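What follows is each chain in one-letter form.
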Amino acid sequence: MGDRVVSEQHAGQYVIDGRRVDVTRLTWRDAKGLSYDITDAETGELLRDESFDEYPTEAQVREALAEHE
C-alpha cells in the first residue's frame, strides 16, 4: 500500500479452534483505503505476510492459520 503506517487500531478478534486471532486495521500515509493484519493474540506474531485489503472473513483467517502452521 503506502510507504508508512500512520495508524494502527484493534478492529476485532476471531477464536478459531481455541486460538485467538486479532485483526488490526492499518492506515497508510501515502495510500487511500485501509488494510488489515492478523496476529496471534497470545504472541503478537503476524500470521500472514500480506495485509488484507478488506476486513478478513473467518474463512480467510482459517486459511491463513493453516498455511502458517
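Note: the structure precedes this text.
Residues numbered from 1 in each chain as written. Predicted model: local features only at pLDDT ≥ 70, side-chain atom pairs only at ≥ 80, totals over all residues. Heavy atoms only, no water.

(A) Inspection of the pattern of salt bridges at higher detail. In this structure the tally under the stated criterion is four salt bridges. Across the pair Asp 40 and Arg 19 runs a salt bridge, and its minimum N-O distance is 2.9 Å. On the criterion of sequence distance, the pair formed by Asp 40 in strand β3 (residues 34-40) and Arg 19 in strand β2 (residues 19-28) is long-range, its members being 21 residues apart. Among the salt bridges present, the one from Glu 42 reaches Arg 20, with a minimum N-O distance of 2.6 Å. In this pair, Glu 42 sits in the loop between β3 and α1 (58-68) while Arg 20 sits in strand β2, placing the two residues 22 residues apart along the sequence. The class for Arg 20 is partly exposed, based on a relative accessible area of 33%. (Salt bridge = Lys/Arg side-chain N within 4 Å of Asp/Glu carboxyl O. Helix = DSSP H or I, 4+ residues; strand = E, 2+ residues; numbered from the N terminus. Buried < 20%, exposed > 50% of the residue type's maximum accessible area, 1.4 Å probe, protein only.)

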